[in-house]
Amino acid sequence: MGVAALLLGGIAGAHAAGAEPRIAAAEIAGTVTSAHGAEAGVWVIAETRDFQTRFAKIVVTDEAGRYLIPDLPEAKYRVWVRGYGLIDSPGADATPGHRVDIATHVASDAATAAKTYPAAYWYAMMKIPEEAQVASVPGGRNAYLMWMKNMGCVGCHQLGNLATRTIPKSLGAFKSSQEAWLRRLQSGQAGVQMINIVQGGLAGIPIQYLADWTDRIGAGELPAVPPTRPSGIERNIVATVRDWSDGKAYLHDLSGTDRRNPTVNAYGKLYGAPELSTDNFPILDPVHNVASTFKASVRDAATPTTRDDAVLAPSPYWGEERIWDSRAIAHNPMLDQSGRVWYTARIRAADNPAFCKQGSNLSSAKDFPIDTSERQVAVYDPKSGKYTFVDTCFSTHHLQFSADPNNTLWTSGGHEVVGWLDTKKFDLTGDAAASQGWAPFVLDINGNGKLDAWTEPGQPLDPTRDQRLPVSFYAVMPNPADGSVWGTVAFRYPGAIVRFDPRTRLSEIYNVPAPGFGVRGGDIDRNGVVWVSLASGHLGEFDRRKCKAPLNGPKATGDHCPEGWSFYRLPGPGFVNVPQMSVESSYYTWVDQHNTLGLGANVPIATGNLFDGVHALVGGKFVTLRIPYPLGFYAKGLEGRIDDAATGWKGRGIWITSGDRTPWHKEGGKGTKPMVVHFQVRSSPLAD
């Protein structure tokens, strides 16, 4: 059999140290060895195409090179090994209930070994401009990094995977790599956004560094340091990979349970939001391994579509074809207590109805009228198939339910407001206008604890009045500890978080102090502690209870509580000339409030967007849950669900969809579909 030697046949055995694992009817087990002996901390992948979706289950070998892949549905599998320092082993055909021992080979050279490194190790080869060169960028080099990392480029796709560290030949011929990159950034339906960041906000400076990077890699330069193999808890991870949607679409988020009660919809279907790409909303049945869609509609025929957005140049992958065509531009789904799926989704063109504007009788409109909203709300009932429009005056982006009697739905993305919907009232009346509210963010500058007349942004501070903040929420986080609502303030340097009190309608703002910067996604734990992904290569923690200065008054304008912040350096190497900063570019942080993964309650989990997975902070140390195949997995939306607590680790886990806008950048290339990953953590690498 060459480098893959396998023995098929059931064996009996115990799980004691030094003994071979017992192989049950739904398992495949064995040992991985090379010329160096047992290969510990490498991935064993069992993959099948027998189902309607791609299906792969991935585990890690223990210290003796042993593995056990549990709970495999009946199918014909290809079993193979991938690991740092190895070449991929050929696949061995197998079925559950049998033993597969695999002999693999050590990589012959560093270049071969580096092919399976996470994108982070390749991206770390990028040189970063010196401070003087980016002096024109507000915030300097840190702001430059913020836009190159999670606020801009890596906010949509990886940098450092094979597709981005090389120039596709289909792009054409150019006199220099700088010209090639300038043309590349104009490609396809995202070209306007890419070129605006690089040529506009960053004054074209990244072009020379991107070109230098790919030139050096093309000449054979390799990452300076190799990654370490999984160890400790990381060897207990079981990952199941399926796909859904199609190769021209991408997914932003998914939902399959109620955040407040993660036992809702146990073993049920998962629902995705495909944002700009399509109105065919994906659905995955993980029990039967079936992916389907439903076609989301819009209320008004005049609703625009992304197909008509400006395109600067053809795509090197899709040519002139406009692959994105969405009116709904659904961004974020969330299940409620009865299993209905609420979406931030567009239902009409941007002009708001009269009840949102000046002259309306709605109390929110009287205080702060809104003329336009780019995305509203819709709700899908899987039982009836009904898709209901909810016309909101405020724009929406993310959404979260609070644990109050009205099942209030809070949203981010408004025009310098936070918006909410009383879903109990809406269900009773169907009246969207009467069921919604919104409020601007106002600081209690005069310190009297009440919302008063305020000064507008840009006006001098008046100690006798309050002051309105010119900010919008990106992430939105209802606080289960006290009923407040928190949000992140993204796309500005250094970034901030804001607390809104629904009772007083007053807000507080807390800027990120050094060494942190670049807040994007965030979440809150059940104690009211906020966790955020930072472009500085940190997971940031903010605990308001640690603040020493007054939380209102004329000095409480953002920089009054640095002591509330703590920073945890994310895994990964540093840049060539910024070694102290992790290159990791985490897009979002989600907190496992209910211990759905099994690593503990209130564990924050940051998306590992350059590590093909996520990073969980457990006991002050990061545990990385990585998908080694296909390379290029990019986490965005995630949530945890408990299907059956009585079955231990098998009945719980977290669900994540790949959220990059470029599925064709993954291993497998054009035609690769977006993926759904189920991460679970067992008690040991051989637990069944």
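Structure shown above.
Note that the coordinates shown come from a computational prediction; the quantities given were computed from them, not determined experimentally.

Draft legend 1. Broad picture of the pattern of salt bridges. Per the counting criterion, the structure on display carries 33 salt bridges. Across the salt bridge formed by Asp 300 and Arg 299, the nearest N and O atoms sit 3.1 Å from each other. Assessed through its relative accessible area of 26%, Asp 300 is described here as partly exposed. Among the charged side chains, a network of salt bridges with common partners joins Glu 47, Arg 49, Arg 54, Arg 78 and Asp 243.

Draft legend 2. Structural context of the state of the cysteines. Inspection of every chain in the model, using the stated rule, returns 2 disulfides. The disulfide partner of Cys 356 is Cys 393, and the S-S distance across this bridge is 2.0 Å. Since a negative S-S torsion denotes a left-handed disulfide, the Cys 356-Cys 393 link at about -75° is left-handed. Residue Cys 356 is located in the loop between β16 (341-345) and α7 (363-367), and its partner Cys 393 is located in the loop between β18 (386-390) and β19 (399-401); the two are separated by 37 residues in the primary sequence. Using a relative accessible area of 0% as the deciding quantity, one classes Cys 393 as buried. Note that Cys 547 is cross-linked by a disulfide to Cys 561, the S-S spacing being 2.1 Å. On the sign convention where negative means left-handed, the S-S torsion of about -100° between Cys 547 and Cys 561 marks this disulfide as left-handed. Within this pair, whereas Cys 547 is found in the loop between β32 (538-542) and β33 (565-569), its partner Cys 561 is found in the loop between β32 and β33, the two being separated by 14 residues in sequence.

Draft legend 3. Region of the structure containing the layout of surface pockets. By volume, the largest pocket is sized at about 880 Å³. As for the largest pocket, its lining consists of 38 residues, and the residues nearest its centre are Gln 193, Glu 275, Arg 375, His 397 and Arg 661. Taken together, the residues of the lining of the largest pocket sort by class into 15 nonpolar, 15 polar and 8 charged.

Draft legend 4. Layout of the sheet that holds strand β37 (residues 603-608). With antiparallel pairing, 4 strands are arranged side by side in an open sheet as β36-β37-β38-β39. Looking along the sheet, the strands with just one partner apiece sit at the ends: β36 (589-592) and β39 (621-626). The average angle at which neighbouring strand axes cross in this sheet is 30°, direction not considered. Relative to β39, strand β38 (residues 613-618) runs antiparallel, the two being bridged by 6 bridges. Residue Val 614 lies in a different strand from β39, and its bridge partner there is Leu 625.

Draft legend 5. Focus on the nonpolar core. Counting residues in hydrophobic clusters, the biggest one holds 95 residues, and the most contacted among them are Tyr 123, Tyr 144, Phe 542, Ile 605, Ile 654 and Phe 679. Looking at this core, the element that brings in the most residues is helix α6 (residues 205-218), giving 7 residues. Excluding anything up to four places from it in sequence, Phe 542 contacts Trp 486, Ile 497, Tyr 510, Val 529, Val 530, Cys 547, Cys 561, Gly 564 and Trp 565. Grouped together as the second largest cluster of nonpolar side chains are 22 residues, Leu 72, Val 81, Val 100 and Val 238 included.

Draft legend 6. Molecular detail of helix α4 (residues 177-184). All of the buried residues along α4 are Ala 180, Trp 181, Arg 183 and Arg 184. Summarising the axial view, the buried residues of α4 lie within an arc of 160°, below the 170-degree limit, and thus occupy one face. Buried residues belonging to α4 abut α5 (191-201) and α6.

Draft legend 7. Here's a closer look at α6. The terminal C-alpha atoms of α6, which comprises 14 residues, lie 21 Å apart, in line with the 20 Å expected from a rise of 1.5 Å per residue. Taken across its 14 residues, α6 has 10 buried, putting it largely inside the fold. Taken together, the buried positions of α6 are occupied by Ile 205, Pro 206, Ile 207, Tyr 209, Leu 210, Ala 211, Trp 213, Thr 214, Arg 216 and Ile 217. Packed against the buried residues of α6 are α2 (119-123), α3 (140-148), α4 and α5. Positive backbone phi, approximately 110°, marks Gly 220, located one or two places after α6.

Draft legend 8. Summary view of empty space enclosed by the protein. For the structure on display, the rule yields 3 cavities of 30 Å³ or more. Size it by volume and the largest cavity reaches roughly 240 Å³. Mapped onto the lining of the largest cavity, the elements with two or more residues apiece are β11 (253-255), β15 (332-335), β19, β26 (476-478), β30 (519-524), β36 and β40 (635-642). No other element matches the 4 residues that β40 contributes to the lining of the largest cavity. For the lining of the largest cavity, the per-class residue count stands at 9 nonpolar, 6 polar and 5 charged.

Draft legend 9. Expanded view of the sheet that holds strand β4 (residues 55-60). The 8 strands lie next to each other as β7-β6-β3-β4-β10-β42-β41-β40, forming an open sheet whose pairing is antiparallel. The strands lining the two open edges of the sheet, one partner per strand, are β7 (92-94) and β40. Strand after strand, the sheet turns through a mean of 25° between neighbouring axes, direction not considered. Inspection of the sheet shows strand β3 (residues 43-48) paired to strand β6 (residues 77-82) by 5 bridges, in the antiparallel sense. Of the residues in β6, the one forming a bridge with Val 44 is Val 81.

Draft legend 10. Quick look at the side chain of Ser 277. With respect to the secondary-structure elements, Ser 277 resides in the loop between β12 (270-273) and β13 (280-285). Within the structure, Ser 277 has its side chain in polar contact with the backbone oxygen of Pro 274 (distance 2.7 Å). Setting aside anything within four residues of it in sequence, one finds Ser 277 in contact with Lys 248, Ala 249, Tyr 250, Ile 323, Trp 324, Asp 325 and Ser 326.

Draft legend 11. Here's a closer look at the packing of aromatic side chains. One pass over the structure, following the stated rule, counts 39 aromatic pairs. Measuring from centroid to centroid gives 6.2 Å for Tyr 117 and Tyr 121, while their planes differ by 65°, and the two rings are edge-to-face. The exposure class assigned to Tyr 117 is buried, which follows from its relative accessible area of 12%. Above the face of the Trp 318 ring, Lys 670 is positioned so that its terminal group lies 4.4 Å from the ring centre.

Cut-offs applied
Residues numbered from 1 in each chain as written. Predicted model: local features only at pLDDT ≥ 70, side-chain atom pairs only at ≥ 80, totals over all residues. Heavy atoms only, no water. Salt bridge = Lys/Arg side-chain N within 4 Å of Asp/Glu carboxyl O. Buried < 20%, exposed > 50% of the residue type's maximum accessible area, 1.4 Å probe, protein only. Disulfide = S-S within 2.5 Å. Helix = DSSP H or I, 4+ residues; strand = E, 2+ residues; numbered from the N terminus. 1 Å grid on protein atoms, 1.4 Å probe; cavity = no way out; pocket = protein on both sides within 12 Å on 5 of 7 lines; lining within 4 Å. Points joined across faces, edges and corners; volume = space filled by probe spheres on them. Nonpolar A, V, L, I, M, F, W, Y, C, P; charged D, E, K, R; others polar. Pairing = 2+ DSSP bridges. Axes fitted to C-alpha atoms, helices over the stretch in contact; angles between N-to-C directions. Core = buried A, V, L, I, M, F, W, Y, C linked by side-chain atoms within 4.5 Å. Contact = heavy atoms within 4.5 Å. Arc of directions from axis to C-beta. Expected span 1.5 Å × (residues − 1). Polar contact = N/O pair within 3.5 Å; in protein donor to acceptor, adjacent residues only side chain to side chain. Phe/Tyr/Trp six-rings, centres within 6.5 Å; stacked < 30°, edge-to-face > 60°. Lys NZ or Arg CZ within 6 Å of the ring centre and 35° of its normal.

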